[in-house]
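These are the residues of each chain, in order.
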Amino acid sequence: MNFETLHLDTDEHVIHEVRKHWIVFAAQGFGLLFTAFLPVILYAVFKILLPAFVVSTETTFNVSTFFVFCYSLWILALWISFFVNWTKYYLDVWYVTEKRIIAIQQKKIFDREITNLRFDKIQDITIDIHGFIPTLLGFGNVKVQTASEDNLEFTMNTVRYPDEVRRVIFNQQNKNSDGS
Amino acid sequence: MQMEYPELYVPKLIPNIPNLSLGLFVNQSSMMVVLLLFIIVYLIISGVLIYHWKTYGMRSPRVIFAEAVYFIISFVLLGIAGGAVYYF
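Source: prediction; values computed, not measured.

K.L.:
Hey, could you go over the overall build of chain B for me, with residue numbers and the actual values?
P.N.:
When you go through chain B residue by residue, the secondary structure sums to three helices and zero strands. When the helices and strands of chain B are listed from N to C terminus, the series reads α-α-α. Expressed as a percentage of the 88 residues in chain B, the buried residues total 25%. On chain B, roughly 6600 Å² of surface is accessible, and the fraction owed to carbon and sulfur atoms is 72%.

Below, the structure written as structure tokens:
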């Protein structure tokens, strides 16, 4: 991977990437999958409730070819939507380096926010794993509080393995404080 | 001599929906217009996605793989839609 766009220092490397759990994206994917079958369901409903409409329409033009045309465009629209969602999911990330956390929030496709958190400014990290499924799959919320005057909070929800995230950040923070 | 009676008017409870005549709107040229409009939208959104993948994707193998899958499946679907217009 090439981290040029992060503008890291020469002696700085990415040691950990924090992303949301795949289940978040999978849930959206299942929603789109259901939507993909919607025209077929509607066609079946039409055929049951208004059979005369379907039969007489079939005589006026080639319905099956028209259906293939509409359905392929429908699937393509969902396909594009799937990749827009994936891009937002994939680009919403925290990079932990030896010196700082680079928090990139990709809220929408044209809404991107990048924040740098120096380890010496981090006051506390809170993780929150709430519920049966998050415990089972190992995802939760990570909240980083800073000791600056503004007392800022940085939160990422549904993070994969939040315990590990906290461990990596604390380890690096300890290393930095031992070194200084 | 046989008398002619006027036809009795029987109101239709359910309108004759097929006579909305989808056939008037659905023809090869209208489908071609829809397909062209769709291709324009597709190109704009794909351009936005490519920009994000190239600028922020950091040449990650996952992004490269996603890009390939996106375009392969998109072209297949566009091909199917184009074929449907051709054979309509």
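K.L.:
Give a description of the nonpolar core that names residues and reports values.
P.N.:
Core analysis: the largest hydrophobic core is formed by 29 residues, its most contacted members being A:Phe69, A:Trp86, B:Trp53 and B:Tyr70. At the level of elements, α3 (63-91) of chain A together with α2 (28-56) and α3 (61-87) of chain B are the ones that each hand at least two residues to this core. Among the elements that line this core, the one with the most residues is α3(A), at 11 residues. By size, the runner-up hydrophobic cluster in this structure holds 18 residues, among which are A:Val96, A:Ile101, A:Val142 and A:Val165.

K.L.:
Can you lay out the sheet that holds strand β1 (residues 14-18) of chain A for me, pointing to particular residues and giving the numbers?
P.N.:
Residues and elements named next belong to chain A. Taken together, the four strands give an open sheet; going across it, the order is β1-β2-β3-β4, and neighbouring strands pair in antiparallel fashion. The sheet terminates laterally at β1 and β4 (111-118), the two strands that pair on one side only. With direction set aside, neighbouring strand axes in the sheet form an average angle of 15 degrees. Note that strand β2 (residues 93-97) and strand β3 (residues 100-108) share four bridges and pair antiparallel. Considered in β3, the bridge of Val96 is made with Ile101. Each of β2, β3 and β4 is contacted by α3, which is oriented at about 160 degrees to β3, the strand it contacts most.

K.L.:
Please set out the packing of aromatic side chains residue by residue, giving values where relevant.
P.N.:
Residue and element names in this part refer to chain A. Under the definition given, this model contains 18 aromatic pairs over all chains. Between the aromatic rings of Phe25 and Phe82, the centroid separation amounts to 5.1 Å while the plane-to-plane angle is 50 degrees, which identifies the pairing as tilted. Of this pair, Phe25 sits in helix α1 (residues 22-49) while Phe82 sits in helix α3, placing them 57 residues apart in sequence. You can call Phe25 buried: its relative accessible area is 13%. Residue Phe82 is classed as partly exposed on the basis of its relative accessible area of 25%. With 5.3 Å between their ring centres and 20 degrees between their planes, Phe25 and Tyr89 make a pair best called stacked. In this pair, Phe25 is assigned in helix α1 and Tyr89 in helix α3, connecting sequence segments 64 residues apart. A single burial state applies to Phe25 and to Tyr89, both of which are buried.

Calculation criteria
- Here, residues in each chain are numbered from 1, in the same order as that chain's written sequence.
- Ligands are numbered from 1 and chains lettered from A, in the order in which they are written.
- Selection of residues for local features in this predicted model requires a pLDDT of at least 70, selection of side-chain atom pairs for listing and counting requires 80 or more, and totals for whole chains, interfaces and linings are taken over all residues.
- In computing side-chain values, all of the structure's heavy atoms are included and hydrogens and water are not.
- By definition, any uninterrupted DSSP run of H or I lasting at least four residues is a helix, any uninterrupted run of E lasting at least two residues is a strand, and each is numbered from the N terminus.
- Relative accessible area decides the class of each residue, using a 1.4 Å probe on protein chains only: under 20% of the type maximum gives buried, over 50% gives exposed, and in between gives partly exposed.
- Accessibility throughout is a Shrake-Rupley quantity obtained with a 1.4 Å probe, and a residue counts as covered only by protein chains that appear here.
- Here, the term nonpolar core denotes a set of buried Ala, Val, Leu, Ile, Met, Phe, Trp, Tyr and Cys residues that are joined through side-chain atoms within 4.5 Å.
- For two strands to count as paired, DSSP must find a minimum of two bridges between them.
- Between N-to-C directions, angles cover 0 to 180 degrees, with each direction set by a line fitted to C-alpha atoms, over the stretch in contact for helices.
- Whether two residues touch is decided by their heavy atoms; if any such pair falls within 4.5 Å, the residues are in contact.
- Here the aromatic set is Phe, Tyr and Trp, taking the six-membered ring for Trp, and pairing holds for ring centres within 6.5 Å; pairs whose planes are under 30 degrees apart are stacked, those over 60 apart are edge-to-face, and all others are tilted.

Keep in mind these numbers describe shape, not what the thing actually does.
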